[in-house]
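The primary structure of each chain is shown beneath.
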Amino acid sequence: MIRFGVIGTNKITEMFLEGANELSEFTLAAVYSRTEEKANEFALKHGAEATFTSLEEMATSDVIDAVYIASPNSLHAEQSIIFMNAGKHVLCEKPMASNKAEVTTMIEAAKKNGVLLMEAMKSTVMPNMQMVRENLHKIGRLRRFVANYGQYSSRYDAYKEGTVLNAFNPEFSNGSLMDIGVYGVYPVVSMLGKPNSIKAEGVMLDSGVDGEGSILLGYDDKEAVIMFSKITDSHMPSEIQGENGSILIDKIGSPMNVTIQYRDGSVEDLSQPQQHTMMYEAKEFIQLIQSGKKESYINSHENSLHSIEVMDEARKQIGVVFPADYR
């Protein structure tokens, strides 16, 4: 049994717990919130016995083995390091941190303290994405990866009315690339590796973050196109194009249907039955702890580093700057 603490009493944490509770090895032991009232309310709802309003006290307590961090992006690095320095394993929501400097510091802390650090990129550890990796060879020589994800933010209407919530606030290292684009960047980099060139364009909002954008990644014999948006919806699938056929992925952020369309017109359905989309990241993380491993093969430190390097350069070209970049 792995005893978890959670940081963040938000919707994403609720969804994570829904998935993680499907695992017999998971138990929620503690909840952190800045206010005691909110911590108690969340703990009561989800069956946690301990609550904390101090990160340091939670990190050094003996009631948890690991922590799931779902706070604003700008807090990921600092909070993760507090827990790793206390010997706790860390499952940190995507994106891992604000920039490469922070991710590098986090990885160094994990290695120094001999603990597991994993980016909670759910899609890459889901069975359907595993099927994509296992069947890539069937489409022949890869030429293009088109990763597409557009989701009109539930907070954009408030933004247009003059209220800048966290989702569109650079103070929290947010914006379309960080919150949505990462779902395209991470699987592309994990499958194709570090690109030779990066070209990015985007639409800047007055608050100082990007509302939508596109990235073109260049490789020796192929390219990747990553499109993302928080101010429009998109209903196009993502596609990996090879010389013998194409793999179509319905949703790059949580693939539910995956098919190969071959050049001869035949179609192969690769889709697997799946449980709660966020169960698989918890399962991967717990299995790594139980086997004594300090890094995921799929959501590896290298993949996290290469992904944030792409996003750093894309932000630079689009013009998105975070306060965290100067810390």
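Preceding this section is the structure that the text describes.
Everything in this summary refers to the structure shown in the same document. This structure is a prediction, so every number in the text was calculated from the model and none was measured.

**Considerations on the packing of helix H1 (residues 11-20) against helix H2 (residues 36-46)**
Close contact between H1 and H2 brings their axes to 12 Å; oriented N to C, the two are set at 25 degrees. One element, H1, and the other, H2, form an angle in the roughly parallel class. Here H1 and H2 pass one another in a crossing that is right-handed. Here H1 contributes Thr13, Glu14 and Leu17 to the contact with H2, which in turn contributes Phe42, Lys45 and His46. By residue class, the composition of the contact of H1 with H2 is 2 nonpolar, 2 polar and 2 charged.

**Quick word on the packing of aromatic side chains**
Applying the stated criterion across every chain, the model contains 10 aromatic pairs. Plain terms: the ring middles of tyrosine 156 and tyrosine 159 are 6.0 Å apart, the flat faces sit at 15 degrees to each other, and that makes the pair stacked. In this pair, tyrosine 156 and tyrosine 159 are both assigned in helix H7 (residues 156-160), 3 residues apart and thus about one turn of the helix distant. The same class applies to tyrosine 156 and to tyrosine 159, which are both buried. Through pairs of rings, three or more aromatic residues link up here, namely Phe4, Phe16, Phe26, Tyr68 and Phe285.

**Comments concerning the pairing of strand S5 (residues 89-93)**
Counting buried positions along S5 yields 5 of 5 residues, so the element is predominantly enclosed. Burial along S5 is two-sided: the residues His89, Leu91 and Glu93 and Val90 and Cys92 are all buried. Relative to S5, strand S4 (residues 66-69) runs parallel, the two sharing 4 bridges. Residue pairing across strands places tyrosine 68 opposite leucine 91, the latter belonging to S5. Handedness of the crossover is the feature at issue here: the chain leaves S4, passes through helix H4 (residues 76-85), returns alongside S5, and the resulting connection is right-handed. Across 4 bridges, the pairing between S5 and strand S6 (residues 117-120) is parallel. Note on S6: the bridge partner recorded for glutamate 93 is alanine 120. Traced from S5 through helix H5 (residues 100-113) to S6, the parallel crossover comes out right-handed.

Thresholds, definitions, all that
Residues numbered from 1 in each chain as written. Predicted model: local features only at pLDDT ≥ 70, side-chain atom pairs only at ≥ 80, totals over all residues. Heavy atoms only, no water. Axes fitted to C-alpha atoms, helices over the stretch in contact; angles between N-to-C directions. Helix = DSSP H or I, 4+ residues; strand = E, 2+ residues; numbered from the N terminus. Parallel < 35°, antiparallel > 145°, perpendicular 65-115°, else oblique. Left-handed = near helix turned anticlockwise from the far one by under 90°. Contact = heavy atoms within 4.5 Å. Nonpolar A, V, L, I, M, F, W, Y, C, P; charged D, E, K, R; others polar. Phe/Tyr/Trp six-rings, centres within 6.5 Å; stacked < 30°, edge-to-face > 60°. Buried < 20%, exposed > 50% of the residue type's maximum accessible area, 1.4 Å probe, protein only. Pairing = 2+ DSSP bridges. Right-handed = clockwise from strand over helix to strand, strands pointing away.

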